[in-house]
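# Per-entry structural report
For reference, the chains in residue letters:
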Amino acid sequence: FTCRIPVSYYTGNPGEEGEMLLQGAMDLLCETEQGYWIIDLKSDRATEEELLTRYSRQLNLYAAAVRRLYDKPVLGCKIWSFPLGKAIDVKEEEL
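Worth saying up front: this structure is predicted, and the values here are computed from it rather than measured.

This part covers the sheet that holds strand 4 (residues 36-42). Spatially, 3-4-5-6 is the arrangement adopted by the 4 strands of the open sheet, whose pairing is mixed. Only two strands of the sheet have a single partner each, and these edge strands are strand 3 (28-31) and strand 6 (86-90). Neighbour-to-neighbour, the strand axes of this sheet turn through a mean angle of 25°, independent of strand direction. Relative to strand 5 (residues 74-81), strand 4 runs parallel, the two sharing 7 bridges. Within strand 5, the position partnered with D40 by the bridge is I79.

Further remarks concern the nonpolar core. One finds I38, L51, L59, V74, C77 and I79 to be the most contacted residues of the largest nonpolar core, which totals 14 residues. Residue assignment for this core shows that the elements contributing at least two residues are strand 4, helix 2 (48-69), strand 5 and strand 6. Excluding its chain neighbours within four sequence positions, the residues that come into contact with I79 are D40, K42, L51, L52, Y55, L59, K86, A87, I88 and V90. Membership of the second largest hydrophobic core comes to 5 residues, among which are C3, I5, L61 and A65.

Okay, the pattern of salt bridges next. Within this structure, the stated rule accounts for 7 salt bridges. In this structure, the salt-bridge partner of E48 is K86, at a minimum N-O distance of 2.7 Å. Taken together, the residues span a long stretch of sequence, with E48 in helix 2 and K86 in strand 6 at a distance of 38 residues. Overall, E48 belongs to the partly exposed group, its relative accessible area being 33%.

Each value, and the rule that gives it
- Chains are numbered independently. Their residues run from 1 in the order of the written sequence.
- Reporting of local features is limited, given that this is a predicted model, to residues whose pLDDT is at least 70; pairs of side-chain atoms are given and counted only at 80 or more, and all residues count toward the totals for whole chains, interfaces and linings.
- The basis for every side-chain value is the complete set of non-hydrogen atoms in the structure, without hydrogens or water.
- Following DSSP output, two strands are said to pair if at least two bridges run between them.
- Strands are runs of DSSP state E lasting at least two residues, helices are runs of H or I lasting at least four, and both sets are numbered from the N terminus onward.
- Every axis in this analysis is a line fitted to C-alpha atoms, fitted for helices over the stretch in contact. Angles between the N-to-C directions lie between 0 and 180 degrees.
- The definition of a nonpolar core used throughout is a set of buried Ala, Val, Leu, Ile, Met, Phe, Trp, Tyr and Cys residues joined through side-chain atoms within 4.5 Å.
- Summary of the burial criterion: residues with accessible area below 20% of their type's maximum are buried, those above 50% are exposed, and those between are partly exposed, where the area comes from a 1.4 Å probe applied to protein chains only.
- Residues count as neighbours in contact if any of their non-hydrogen atoms are within 4.5 Å of one another.
- Whenever Lys or Arg places a side-chain nitrogen within 4 Å of a carboxyl oxygen from Asp or Glu, that contact is recorded as a salt bridge.

Now the structure itself:
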């Protein structure tokens, strides 16, 4: 995907003005009647906490892009950890 987002979404600085082009590739975007689920597949040998620290911001940026590109809400984001064998819920950040 490619879409324009406010620079503040990327930097985390709410006072920062302007827009930027965000480009990325989601592993899995699941559409339901109610909205979208974003699933990111990870093979890192890491704890749940480490995965959340590394990738939460990335998934929240994906969610911001989906909201700008489609007319349905994002229902949630999850990391699927192959080594842990489970899905990890990613908390939605205010961007």
